[in-house]
Amino acid sequence: MNRIQIAVCVAVTVFVTVLVMHLLEDISISEVLGLEEAQQAAAAEQETGPAALSFAELQSLLANLDANQRQALLADAAAFKQFVLQQASNASVLSAAKANKVDEDANTAFLMQRSADNVLRESYLSKLIAGKLPADFPSEEQAREYFEQNRENFTVPERVHVWQVFLEVPAAAGDEEVAEREIQAQRLAQDIRSGKLDFAVAAEQYSDHEQSKLSGGYMGLVKVPELKPAIAEPLLALPEDRSSAPIKTDTGFHVVKRGAKVPALKVEFAQVDAQIRQLLRQQAVAQLRQAVYEQAGKTYPVELQDAQIEEWRAQLSEN
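Residues numbered from 1 in each chain as written. Predicted model: local features only at pLDDT ≥ 70, side-chain atom pairs only at ≥ 80, totals over all residues. Heavy atoms only, no water.

Turning to the overall build of the protein chain, a few remarks are in order. From N to C terminus, the protein chain includes 14 helices and six strands. Scored against the burial criterion, the 319 residues of the protein chain give a buried share of 22%. Restricting the contact set of the protein chain to residue pairs at least 6 apart, pairs at least 24 apart contribute 66%. Of the roughly 23,000 Å² of accessible surface on the protein chain, 56% is carried by carbon and sulfur atoms. (Helix = DSSP H or I, 4+ residues; strand = E, 2+ residues; numbered from the N terminus. Buried < 20%, exposed > 50% of the residue type's maximum accessible area, 1.4 Å probe, protein only. Contact = heavy atoms within 4.5 Å. Areas by Shrake-Rupley, 256 points an atom, 1.4 Å probe, with all protein chains shown as cover.)

So this is what it looks like as structure tokens:
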């Protein structure tokens with residue numbers, strides 16, 4: 001970040017801070033909390049109790065974190081303190097919400113119930129899946145079997161750095177227009193080969209391929225099997241850093257330049273063992289979840305007719 005960017009960030013921060021302070025200057029702290037009078041705050045505390053955070057709550061919060069997150073928090077005193085302080089702030093705002101009886105609002109109560117239902121459903125699914133899916137699934141043998149059956153997915157084919165100047169020929173173009181574009185392509189190819197015109201300059205000025213022209217015609221490191229057949233043979237036959245004569249395809253004329261080739265790469269099982277196990281476990285969990293949904297739908301069906309669904313849609317649209 002340069003000095004100008006830093007100055008802008010500082011200026012914005014100061015501006016926003018002043019703006020917020022201006023908005024709050026006529027609002028008492030009790031109003032910020034949603035309370036009209038300080039006496040109401042005292043009454044609310046007597047009714048709902050002071051905001052509090054217990055060790056048991058922290059223990060439960062940490063137990064529901066990812067193991068790596070939990071370990072990182074407990075290993076870093078500053079991070080753990082910040083985590084605790086954030087939970088304390090959450091408890092304060094929650095107390096303010098309860099004191100103002102926000103939980104008695106019909107829509108809020110509905111959303112709270114839906115959240116509880118979601119937690120119950122996910123807990124049920126997790127317990128069922130944990131009971132059906134062994135903790136050590138998949139085994140090394142299963143992971144290796146998947147690797148052997150899908151070896152083509154673990155091979156990176158030969159790749160090549162490619163640049164191009166592309167002159168588009170519209171599908172409805174007549175013979176005269178096609179001939180004109182071909183002459184232009186031949187002229188560009190000759191000027192590039194003779195050194196009269198730099199390839200990158202030619203791409204920026206004449207190429208109709210918007211994505212690559214901004215990068216001097218660079219198409220990236222392209223997998224050889226993904227090259228158009230009409231382009232692959234003449235491109236790969238070029239010496240490195242040399243450009244081609246115009247190549248005609250069904251979309252127009254291409255003047256291409258070949259960069260370095262990158263040999264095909266075969267990945268060994270040990271390199272992808274962990275990824276394969278993660279993938280297989282994710283797939284197994286997804287299939288088990290779907291099976292639970294299907295079985296629950298059969299055991300505890302919710303009967304709905306198309307006519308009823310359409311009627312609901314019409315009623316909701318009117319409202």
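More follows now that the structure is in view.
Per-residue pLDDT for the protein chain has a mean of 87; in total, 84% of the residues score no lower than 70. For residues 2-8, every residue scores under 50 in pLDDT, and the model assigns this stretch one contact once sequence neighbours within four places are set aside. (pLDDT = per-residue confidence, 0-100.)

This part covers the layout of surface pockets. For the largest pocket, the calculated volume is near 350 Å³. For the largest pocket, the full set of lining residues is R121, Y124, L125, A291, V292, Y293, Q295, A296, G297, T299, Y300 and V302. Among the elements of the structure, α7 (106-132) and α13 (269-299) are those that each provide at least two residues to the lining of the largest pocket. At seven residues, α13 tops the list of elements feeding residues into the lining of the largest pocket. Across the lining of the largest pocket, the residue classes tally to eight nonpolar, three polar and one charged. (1 Å grid on protein atoms, 1.4 Å probe; cavity = no way out; pocket = protein on both sides within 12 Å on 5 of 7 lines; lining within 4 Å. Points joined across faces, edges and corners; volume = space filled by probe spheres on them. Nonpolar A, V, L, I, M, F, W, Y, C, P; charged D, E, K, R; others polar.)

Next up on the list: the pattern of salt bridges. The final tally for this structure, using the stated rule, is eight salt bridges. Ionic pairing is found between R121 and E122, a salt bridge with its closest N-O pair at 3.8 Å. Two residues, R289 and E122, come together in a salt bridge whose shortest N-O distance is 2.9 Å. Residue R289 is found in helix α13, and its partner E122 is found in helix α7; the two are separated by 167 residues along the sequence. Note on R289: relative accessible area 25%, which makes it partly exposed. (Salt bridge = Lys/Arg side-chain N within 4 Å of Asp/Glu carboxyl O.)

A few words on helix α10 (residues 199-206). Restricting attention to buried positions, one finds in α10 the residues F199, A202 and A203. The buried residues of α10 occupy one face: seen down the axis, they fall within an arc of 100°. On its buried face, α10 sits against β2 (159-168), α9 (175-194), α11 (210-213) and β5 (252-262). Its side-chain oxygen placed 3.0 Å from the backbone nitrogen of A200, D198 serves as the N-cap of α10. (Arc of directions from axis to C-beta. Polar contact = N/O pair within 3.5 Å; in protein donor to acceptor, adjacent residues only side chain to side chain.)

At a closest axis distance of 12 Å, the pairing of helix α4 (residues 55-63) and helix α6 (residues 77-99) adopts a crossing angle of 115°. Between α4 and α6, the crossing angle belongs to the class labelled roughly perpendicular. As α4 runs across α6, the sense of the crossing is right-handed. Each of L58, L61 and L62 in α4 lies in contact with α6, whose residues at this interface are F80, F83, V84 and Q87. (Axes fitted to C-alpha atoms, helices over the stretch in contact; angles between N-to-C directions. Parallel < 35°, antiparallel > 145°, perpendicular 65-115°, else oblique. Left-handed = near helix turned anticlockwise from the far one by under 90°.)

Right, let's talk about a nonpolar patch on the surface for a bit. A cluster of nonpolar side chains, V302, L304, I309, W312 and L316, forms an exposed patch at the surface whose accessible area comes to about 530 Å². For V302, the location among the structural elements is in the loop between α13 and α14 (306-318). Given a relative accessible area of 69%, V302 falls into the exposed group. (Patch = residues over 30% accessible without salt bridge, like charges linked within 9 Å, V, L, I, M, F, W, Y side chains within 5 Å.)

Okay, the packing of aromatic side chains next. Each aromatic ring pair is summarised here by two numbers: the centre-to-centre distance and the angle between the ring planes. Evaluation of the coordinates by the stated rule reveals four aromatic pairs. For the pair F147 and F154, a centre-to-centre distance of 5.1 Å together with 40° between the ring planes defines the contact as tilted. Taking relative accessible area as the criterion, F154 reaches 15% and is therefore assigned buried. Between W163 and Y218, the ring centres sit 4.8 Å apart and the planes meet at 50°, which makes this aromatic pair tilted. (Phe/Tyr/Trp six-rings, centres within 6.5 Å; stacked < 30°, edge-to-face > 60°.)

All right, on to the sheet that holds β2 then. Read across the open sheet, the four strands follow the order β3-β2-β5-β4; overall the sheet is antiparallel. Two strands bound the open sheet, and with one partner strand each, they are β3 (218-223) and β4 (247-248). Relative to β5, β4 is paired through two bridges, and the arrangement is antiparallel. Directly across from K248, in β5, lies its bridge partner F253. In the packing of α10 onto the sheet, contacts are made with β2 and β5, and the angle to β2 comes to roughly 45°. (Pairing = 2+ DSSP bridges.)

In terms of residue burial, β2 counts as a mostly covered element, since seven of its 10 residues are buried. Sheet topology note: the β2/β3 ladder contains five bridges and is antiparallel. Its bridge partner being in β3, V160 is matched across the sheet by V222. Pairing of β2 with β5 involves nine bridges; the strand directions are antiparallel. Across the sheet, residue L167 finds its bridge partner in β5, namely F253.

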